[in-house]
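Spelled out, the chains give:
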Amino acid sequence: VPPGSLIVVGTGIRAGIQLTDEARDAIEHADEVLFLVAEPVAAGVVRRLNPRARTLDHLYEPGVERRRTYEAMVEEIMAPVRNGLSVCAAFYGHPGVFGTPGHAAVRQARAEGYAAVMLPGISAEDCLFADLGIDPGTSGCQTYEATRFLVQRPAIDTGAVLVLWQVSVLGRSDCVTEPDLTQLPLLVERLLELYSPDHEVIAYEASPYPVADAKVRRVPLASLAAADVPWLATIVLAPAQPTEAPVEARSSTARTAAAATTLPLAE
Amino acid sequence: MKIAAYMKHLTDDANARAEFHRDPEGAMTRFGLNSEERAIVTTRDPAKIRAEVTRASPQHGPLVITF
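Fair warning: this is a prediction, and the values are worked out from it, not measured in the lab.

**Q** Sorry if this is basic, but what is going on with the overall build of chain A here?
**A** Across its full length, chain A holds 9 helices and 10 strands. Per element, the accessible surface of chain A, about 11800 Å² overall, is 52% carbon and sulfur.

Given below as structure tokens:
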């Protein structure tokens, strides 16, 4: 194995307090750290852990195809690896959940013979399950990037939770720094083929700050296109014919009963 | 604006977070936030807080909203 290595980590959504110990170690001990995070507090956390850290956000140029931007990020991450350095690449949330450049960097490093690993982080979906009281194990859960959901029209089980990511950039394949909701009516049209107009849709955005709440907007599906959708929103649809409603929708009595019948996670 | 500094303080210091949860107004006042800044944090709205944090960090790049 040639000198040079890569560890790809996630900062979590609430940077600093959702950073795992192993991710923190990787950032602190790397010869070079390259990072892409969603806001300045998270950037500060990474820089304080390793003064050699530098951002990749200059590559995120509005209007440029994201595929090309991610290729450029992989090249920037790989350059110090090829120079024999230990490199840590840190991304917002989980580095491998909607983390194209993180996965691509690991694949590229391994293809060139370098040691490369990805460490898990706390994703927006992890926060979503906690904040909304949804257990994906109860009904099942389907997760799609919203544009792919619209274009590829996958078969959907309406008895399971449906989570759609990146609805605020629907139809866009370029780098975007402001939401573009112009195509949202098309998504609503497709969802109306599957769900009733009064089916509740939750527009959810996890909070990056320890003293702020998640943004949660609940609207009937038919009203979604006109709703105030948070910038970084993920859309959640509960089962149409649920085998069991999300936890927060149940009464406290039902919740207690459900807890009492929960199977152990491991034996 | 001191909100960005306060978010950094809360991120770095578990005692500061506990102090905020016990007594939000007192914790923010002791840190030096003025009434306008306290009102923004009290909304607990991440978008409003992010706007203030971003305004205080012009060197930060564009808001990355896709990955």
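**Q** Sorry if this is basic, but what is going on with the overall build of chain B here?
**A** For chain B, the helix and strand inventory stands at 5 helices and 0 strands. The helix and strand sequence of chain B, counted from the amino end, reads α-α-α-α-α. At a minimum sequence separation of 6, the contacts of chain B that also span at least 24 residues come to 46%. Split by element, the accessible area of chain B, about 3300 Å² in all, is 52% carbon and sulfur.

**Q** Even after reading the chapter, I still don't get the sheet that holds strand β6 (residues 141–145) of chain A, so can you show me in this structure?
**A** In sheet architecture, strand pairing relies on hydrogen bonds along the backbone and comes in two forms, parallel and antiparallel. Residue and element names in this part refer to chain A. Spatial strand order, β6-β7-β10-β8-β9: 5 strands in an open sheet with mixed pairing. Looking at which strands have only one partner, the edges of the open sheet turn out to be β6 and β9 (215–220). On average, each strand axis in the sheet is tilted by 20° relative to the strand beside it, whichever way the strands run. The strands that helix α5 (residues 124–132) touches are β6, β7 (161–165), β8 (200–205), β9 and β10 (234–237); relative to β8, the one it contacts most, it runs at about 125°.

**Q** What is the right way to look at the pattern of salt bridges in this model?
**A** Pairing between side chains of opposite charge can happen when the charged atoms of each approach one another. Residue and element names in this part refer to chain A. The tally for this structure, following the rule as stated, stands at 20 salt bridges over all chains. For Glu-75, the salt bridge is made with Arg-82, and the minimal N-O distance between the two is 3.0 Å. The partner of Asp-180 in a salt bridge is Arg-172, and the shortest N-O contact between them spans 2.8 Å. Here Asp-180 falls in the buried class, since its relative accessible area comes to 15%. The partly exposed category is assigned to Arg-172, whose relative accessible area is 28%. Salt bridges linked by common partners bring Glu-32, Arg-54 and Glu-76 together as one network.

**Q** Can you help me understand the interface of chain B and chain A in this one?
**A** Taken together, the contacts link 26 residues of chain B with 37 residues of chain A. Taken together, both faces of the contact between chain B and chain A bury some 3000 Å²; the carbon and sulfur share is 66%. Here chain B and chain A share 4 salt bridges between them. Linking chain B with chain A are 4 residue pairs in polar contact (both at pLDDT 80 or more). For the side of chain B that touches chain A, the elements supplying multiple residues, two or more each, are α1 (3–12), α2 (14–22) and α5 (46–55) of chain B. Of the residues assigned to the side of chain B that touches chain A, the class counts are 13 nonpolar, 7 polar and 6 charged.

Rules and cut-offs
Residues numbered from 1 in each chain as written. Chains lettered and ligands numbered in written order. Predicted model: local features only at pLDDT ≥ 70, side-chain atom pairs only at ≥ 80, totals over all residues. Heavy atoms only, no water. Helix = DSSP H or I, 4+ residues; strand = E, 2+ residues; numbered from the N terminus. Areas by Shrake-Rupley, 256 points an atom, 1.4 Å probe, with all protein chains shown as cover. Contact = heavy atoms within 4.5 Å. Pairing = 2+ DSSP bridges. Axes fitted to C-alpha atoms, helices over the stretch in contact; angles between N-to-C directions. Salt bridge = Lys/Arg side-chain N within 4 Å of Asp/Glu carboxyl O. Buried < 20%, exposed > 50% of the residue type's maximum accessible area, 1.4 Å probe, protein only. Buried area = accessible area lost by both parts, 1.4 Å probe. Polar contact = N/O pair within 3.5 Å; in protein donor to acceptor, adjacent residues only side chain to side chain. Nonpolar A, V, L, I, M, F, W, Y, C, P; charged D, E, K, R; others polar.

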